[in-house]
Amino acid sequence: MKYKSIILLTSSILIVLTSMYVALTKAYASETIKVYSERQPFLIEPLIKEYEKSTGNKIEWIFSKKGLVQKTILEKSRPVADIFLSSDIARLVDITEAEANFDIPFQKNVPENLQSKNWTSLTMRARVIYAHNDLNLNNISYEDLVLPEYKNRVCTRSGYHPYNISLFSSLIAHHGEEWFEDYVIKLKANLARKPQGNDRDQVKAIYAGVCDLSIGNHYYYFKMLDDPNQIVWLDKVSPIFPNQDNYGTHVNISGISIINDENYDASVDFLDFLLSDEAQKIYANDNNEFPVNPNVSASERVQKLANNAKFDSTSLEEIASNRKAVLDILNKINFDG
Ligand SMILES: [Fe+2]
């Protein structure tokens with residue numbers, strides 16, 4: 001009887017000790033954080049190395065330009081990666097709608113309109129208007145693109161591209177669906193040619209005399225500036241940050257979501273790191289974007305181009321909720337056709 005209770009006591013102590021050991025090693029073991037990324041790590045690599053050294057965690061960067069959203073959604077019951085890093089709000093919303101991500105804590109380094117409970121922004125990219133210099137414009141609005149004087153003078157990529165869907169969704173947020181339908185009918189009527197190509201192709205078309213105005217992301221200005229074959233287009237074309245007289249220029253984001261709860265604490269820690277002053281400085285400059293962390297300024301040349309431009313402060317989550325309405329209206333009027 002006595003022996004029995006000693007054995008029982010010893011084994012329960014052993015069980016307690018083992019579970020304590022398991023809990024402790026779990027808490028302090030170094031983790032490998034796998035990042036599905038639509039962007040290459042490039043300039044941030046030295047920072048990541050430093051992060052790995054100071055935390056003991058390892059970052060495994062899995063880069064692909066296409067297919068990561070589908071992969072994340074397919075794998076949602078057994079996630080392969082811990083974090084999804086996107087170059088557009090639409091992709092983050094797709095993952096959220098598929099319930100393939102987890103809630104994240106409120107990010108104090110990110111403006112409220114640029115985060116939700118499921119994702120946060122990392123950088124901002126402005127959707128600007130490129131205009132022929134002969135137009136002599138220093139201010140223009142998205143709404144102006146449908147003015148009768150611009151008939152056959154506007155170029156754009158597909159209306160269905162995520163960048164345009166996001167801009168159009170913001171127009172619904174400001175003016176409503178009925179207004180937007182009338183707007184895209186007029187916009188289509190003002191196009192010099194069917195929507196085609198990418199943002200930079202439209203600037204080339206302005207240079208070539210096909211049109212006078214186009215819509216494109218601001219950082220393509222620097223890509224063209226840095227490209228010996230494209231820099232010449234900028235002799236005739238300049239970007240303008242639209243809607244400075246009212247709600248400000250529309251911004252899209254690159255952002256991040258946690259897609260696995262097994263490595264949750266380490267993932268949140270890495271997210272904090274990407275939003276830290278130090279990482280934001282480098283990460284945003286990597287692609288000539290605007291940091292979301294208000295303590296950090298954009299690179300000198302980005303600041304010079306933006307000239308303190310005002311950005312639309314409408315919640316991106318609200319904007320994204322208009323995506324379906326945008327698609328329905330684009331289909332209805334056959335915008336690209
Ligand atoms: Fe882009």
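Residues numbered from 1 in each chain as written. Predicted model: local features only at pLDDT ≥ 70, side-chain atom pairs only at ≥ 80, totals over all residues. Heavy atoms only, no water.

## Concerning the packing of aromatic side chains
Now for step 1: Per the stated rule, a full pass over the model turns up twelve aromatic pairs.
Now for step 2: Arranged with centres 4.9 Å apart and planes meeting at 75 degrees, the rings of Phe290 and Phe311 form a pair that is edge-to-face. Placement of the pair is Phe290 in strand β9 (residues 290-291) and Phe311 in the loop between α11 (300-306) and α12 (316-320), with a sequence separation of 21 residues.
Now for step 3: Phe290 sits in the buried class, given a relative accessible area of 7%.
Now for step 4: An aromatic cluster is present here, built from Phe168, Trp179, Phe180, Tyr183 and Phe335 joined pairwise through their rings. (Phe/Tyr/Trp six-rings, centres within 6.5 Å; stacked < 30°, edge-to-face > 60°. Helix = DSSP H or I, 4+ residues; strand = E, 2+ residues; numbered from the N terminus. Buried < 20%, exposed > 50% of the residue type's maximum accessible area, 1.4 Å probe, protein only.)

## Comments concerning helix α6 (residues 177-190)
Now for step 1: For α6, which comprises 14 residues, the first-to-last C-alpha distance of 20 Å matches the rise-based estimate of 20 Å (1.5 Å per residue) to within 8%.
Now for step 2: Where α6 is concerned, the buried positions are Phe180, Tyr183, Val184, Leu187 and Asn190. Here the buried residues of α6 occupy an arc of 115 degrees about the axis, which is enough to place them on one side.
Now for step 3: Of the surrounding secondary structure, the elements contacted by the buried residues of α6 are β5 (154-155), α5 (162-175) and α13 (323-333). (Expected span 1.5 Å × (residues − 1). Arc of directions from axis to C-beta. Contact = heavy atoms within 4.5 Å.)

## Quick notes on the state of the cysteines
Now for step 1: Tallying each qualifying case throughout the model produces one disulfide.
Now for step 2: Here Cys155 engages in a disulfide with Cys211; their sulfurs sit 2.1 Å apart. A torsion of -110 degrees about the S-S bond marks the disulfide between Cys155 and Cys211 as left-handed. Here the residue Cys155 occupies a position in strand β5, and Cys211 occupies one in the loop between α7 (199-207) and β6 (213-217), the gap between them amounting to 56 residues. (Disulfide = S-S within 2.5 Å.)

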